[in-house]
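What follows is the residue order along each chain.
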Amino acid sequence: MSEEKKVIIRRLNAAKDLGKFMADYYYELDAASKSGKQKIAWCTSVGPAEILRGMGYLIYFPETHSAMLGSTRMATDLIPKANAMGYSPEICSYLTADIGAFLENVTPLANIFKGIESIPRPDVLVYNTNQCRDVQDWFNWYAKRFNVPVVGIETYRNVPEVTPVHITSISRQMENIVQPLEDVAGRKLDMDEFKNAVALSRECSNLWDKCLAAAAARPSPLTFFDGTTLMGPAVVGRGTQKAIDVYQLLLEELNERVAAGEGAIEDERYRLYWDGMPVWGRLSMHSKLFAGLQANVIASTYCSSWIFSALDAGNPFESMARAYTELFIVRSDAYKEKYIQDKLAFFQCDGIIYHDAKTCPNNTNCRYGMAQRLEKTTGIPSLTIHGDLNDLRLLSDEQTKTNVEAFIEQLEENGKAA
Ligand code: SF4
């Protein structure tokens, strides 16, 4: 394993179209923030974006910004600024990096997009605690800072089965945030625009689902590491036609790859599943590490989190309540285990990588014996990587490399190669 080998990872042409999508998205927000001509809502990544679109808001997602702080490796230096204000180094490093960046008046947007100097100013903030409580604290901090309203949906956690009680409660909460949002927007919720946004979100979700499912082919045309950036439009653009347009291009290219038998990496021998957050500041390093061992991380819980198959324009509030409560992160361990088991079978995986992200227990599923239980049920071995999504002080590159190499050797010995 010590021999250095040239690593071949085939980039997708559609990544350029997705990059342009993201640039247009941030420029549109920047123009609105500067001119004040269109209202801006900040929303959590699995928040009720479709309602906001039904009132003409542009939507900014702080988590995506924080992921950029991670991938540009700005986050680690900024986290202590928020720690100094009383936000523990143990809590979400999206939150601490983002608040730290705000306090320091820096943003990766300024380095990446010429002419953008700062994040867009919010007129209102909207969260859903379906993913965690951290978003509520994060958004409340900004609401005070900008002196703007914040509204939220308090949701269920650890849900084994989504029942009518859940749906009624969450959809009522969604209906209840309409009035305060209308007050800020200065207009009514347009039911046609709202339903249209739900329909577009559903279409976007279907396309993204198909893109991810393309990785079931052997060899896989996609890697998890590509997926973490390709999923940008599914997060920030759901409810818009533009997101659908770019995913049609991506899906076409992935299907072409599958038809041509072209894999994302050279000589795919091992197929792995990733559970948990990516390590944003190590995407490239991890991508090369696995590809260099002829291992492709082809599927993940994380990238699949923006598939909302329950959305139904004919029943917008209830279907949103269902879609945003059926999410993996909201569910019980028993549900999660079955979910991962199905994914392992569908993608024909040889192993699982669990990322134990120190500051995100919500997206970490290997702390209560799940890895061992799943291994017993499926016979598929796993490796846990200790690290973090944004705080690079919480991981050891050497240890990760050694552990991953040993894990692939173990697969080799077990005769797991394709
Ligand atoms: S789910 Fe994890 S990473 Fe995302 S906002 Fe919550 S604590 Fe942070």
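Let us look at the structure shown here. Sequence order as written defines the numbering, with residues in each chain counted from 1. Confidence filtering applies because this is a predicted model: local features only for residues at pLDDT of at least 70, side-chain atom pairs given and counted only at 80 or more, and all residues used for totals across whole chains, interfaces and linings. As a convention, hydrogens and water are excluded, and side-chain values are obtained from all of the structure's heavy atoms.

### Focus: the overall build of the protein
- A count of helices and strands for the protein gives 18 helices and 8 strands.
- We take the radius of gyration over the C-alpha atoms and set the globule estimate at 2.2 Å times the residue count to the 0.38 power. Taken against the 2.2 N^0.38 rule, which gives 22 Å for 418 residues, the C-alpha radius of gyration of the protein at 21 Å falls within 12% of a compact globule.
- The dimensions of the protein, computed from C-alpha atoms along their principal axes, are 65 × 45 × 40 Å.
- Residues classed as buried in the protein amount to 58% of the 418 residues present.
- For the protein, long-range pairs separated by at least 24 residues make up 79% of all intrachain contacts whose partners lie at least 6 apart in sequence.
- In this tally, Lys and Arg are treated as positive and Asp and Glu as negative; His is ignored, and so are the chain termini. A single reference atom marks each charge: NZ on Lys, CZ on Arg, CG on Asp, CD on Glu. Averaging the locations of the 44 positively and 53 negatively charged side chains of the protein gives two centres separated by 2 Å. Counting from the N terminus, the helices are DSSP H or I runs at least four residues long and the strands are E runs at least two residues long. Each residue is assigned to one of three classes by its accessible area relative to the maximum for its type, calculated with a 1.4 Å probe on protein chains only: buried under 20%, partly exposed between the two thresholds, exposed over 50%. Here, two residues are considered to be in contact whenever any of their heavy atoms come within 4.5 Å of each other.

### A word on the packing of aromatic side chains
- Geometry of aromatic contacts follows a simple scheme: Phe, Tyr and Trp rings, the Trp one being its six-membered ring, pair when their centres are within 6.5 Å, and the pair is stacked under 30 degrees between planes, edge-to-face over 60, tilted otherwise. On inspection of all chains with the given rule, the structure shows 26 aromatic pairs.
- A ring pair is formed by F102 and F146, whose centres lie 5.4 Å apart and whose planes are at 65 degrees; its orientation type is edge-to-face. Taken as a pair, F102 in helix α5 (residues 93-104) and F146 in helix α7 (residues 134-146) lie far apart in primary sequence, 44 residues in all.
- Looking at F102, the relative accessible area reads 22%, which means it is partly exposed.
- Taking relative accessible area as the criterion, F146 reaches 13% and is therefore assigned buried.
- Both rings, one in F328 and one in Y339, keep their centres 4.9 Å apart while their planes meet at 55 degrees; by these two values the pair is tilted. Highlighted residues: F328 in the loop between α15 (316-323) and α16 (333-347) and Y339 in helix α16, separated in sequence by 11 residues.
- For F328, a relative accessible area of 8% corresponds to the buried category.
- Among the residues examined, Y339 registers a relative accessible area of 17% and is labelled buried.
- A connected cluster of aromatic rings, assembled from ring pairs, spans W42, Y60, F102, W141, Y142 and F146.

### Things to note about the sheet that holds strand β7 (residues 351-357)
- Here we have 4 strands laid out as an open sheet, ordered β6-β5-β7-β8, and parallel in their pairing. Looking along the sheet, the strands with just one partner apiece sit at the ends: β6 (295-300) and β8 (382-387). Mean inter-strand twist for the sheet, computed between neighbouring axes without regard to direction, equals 30 degrees.
- Its contacts with the sheet place α16 against β5 (270-275), β6 and β7, and it is angled at close to 155 degrees to β5. In short, DSSP must find at least two bridges between two strands for them to pair. Only the stretch in contact is used when a helix axis is fitted, and all axes are lines through C-alpha atoms; the angle between N-to-C directions ranges over 0 to 180 degrees.

### Description of the nonpolar core
- By nonpolar core is meant a set of buried Ala, Val, Leu, Ile, Met, Phe, Trp, Tyr and Cys residues that side-chain atoms within 4.5 Å join together. Counting 140 residues, the largest nonpolar core has Y26, I51, L181, W208 and L250 as the members making the most contacts within it.
- Examining the composition of this core, we find that 9 residues originate from one element, helix α1 (residues 14-35), more than from any other.
- Residue contacts for W208: discarding those within four places in its chain leaves G227, L230, M231, A234, Y247, L250, C303, W306 and I307.
- Formed by 7 residues, the second largest nonpolar core is a distinct cluster that contains L69, L78, A97 and A101.

### Here we look at the pairing of strand β1 (residues 40-43)
- Here β1 shows a buried face lined by I40 and W42 and a second buried face lined by A41 and C43.
- Of the pairings in the sheet, the one linking β1 to strand β2 (residues 58-60) comprises 3 bridges and is parallel in character. Paired with I40 across the bridge in β2 is L58.
- Bridge count between β1 and strand β3 (residues 124-128): 3 bridges; the pairing is parallel. Looking at β3, one finds that A41 is bridged to V124.

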